[in-house]
Amino acid sequence: MLVSFEGQDRSGKTALLMAVHDDLRRHGMSTVVVEEFSRSPYGQRLIEAVARDKFLRPVAGESATLRSRALEVVADLYYQDEREIGPALKQGHIVLKDRHLDTILYTLTPSLLAAGAVRDEDRALTWLSVTCSELRHRPALTVYVDAPLSVRLERMRKRRRDLHEERANEVSHEDMAVFAARERVARQIMGEESNRFLVLDNSSKPITEGATVIIEAIRNRLASSSRKGQR
């Protein structure tokens, strides 16, 4: 079973993912964590790009464009799909993925549109969806970790990142517009495929409480899949 964790910057999704991983292991369930980017050449380029700019925007002197950067993100997800997620699922593990297909759609659609790389939002979503259409493994459950913008901004101000990006703790008006556009696209995606999503408020509740809710959802999906397999 593949479970993906989505959410805006500083929503707390990675902390929840690790809490779920630890709890599942304590209950004797085999889990594998797949990070946001891989150790492949694609993933390493993306990690370096994030270190320069948290929105993966091409910087001065760099040959990448927003469209080629988008393709790198997609290529890295294909690598993880075939080399990391697939083998783990085949061995019977529950795979917990830090960002998956939905991240590509709701983060890159606004960026492509703002840069003029596509004419409208629908075209951007269609292009990105088509590029990802051959992924072999789709999430059975996607946890969208939610938190109000005010909470996330406060967390951003307090965070300390092991990155070299000069503006790691700063949020500009441009960044705020990006957050709003991403949120709009994410809500659209969740509305179109609501059965796959668990939207979890992570604004003030203890991590352990959120992890318990997610684990219950995972157990329910596993039980439902088992019943279908017996028919």
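The rules we used
- Residues numbered from 1 in each chain as written.
- Predicted model: local features only at pLDDT ≥ 70, side-chain atom pairs only at ≥ 80, totals over all residues.
- Heavy atoms only, no water.
- Helix = DSSP H or I, 4+ residues; strand = E, 2+ residues; numbered from the N terminus.
- Rg over C-alpha atoms; globule rule 2.2 N^0.38 Å.
- Buried < 20%, exposed > 50% of the residue type's maximum accessible area, 1.4 Å probe, protein only.
- Contact = heavy atoms within 4.5 Å.
- Areas by Shrake-Rupley, 256 points an atom, 1.4 Å probe, with all protein chains shown as cover.
- Lys, Arg positive; Asp, Glu negative; His and termini not counted.
- Charge placed at Lys NZ, Arg CZ, Asp CG, Glu CD.

Draft legend 1. Representation of the overall build of the protein chain within the structure. Of regular secondary structure, the protein chain possesses eight helices and five strands. Taken from N to C terminus, the helices and strands of the protein chain fall in the order β-α-β-α-α-β-α-α-β-α-α-β-α. On C-alpha atoms alone, the protein chain measures out to a radius of gyration of 18 Å, which is about the 17 Å that the 2.2 N^0.38 rule sets for 231 residues. By its C-alpha atoms, the protein chain is 55 × 40 × 30 Å across when sized along the principal axes. Taking all 231 residues of the protein chain together, 48% fall into the buried category. The long-range share in the protein chain, meaning contacts at least 24 apart out of those at least 6 apart in sequence, stands at 77%. In the form shown here, the protein chain has an accessible surface area of approximately 12200 Å², with 50% of it arising from carbon and sulfur atoms. Averaging the coordinates of the 37 positive side-chain charges in the protein chain and doing the same for the 34 negative ones gives two points 3 Å apart.

The quantities given are spatial measurements derived from coordinates; they are silent on function.
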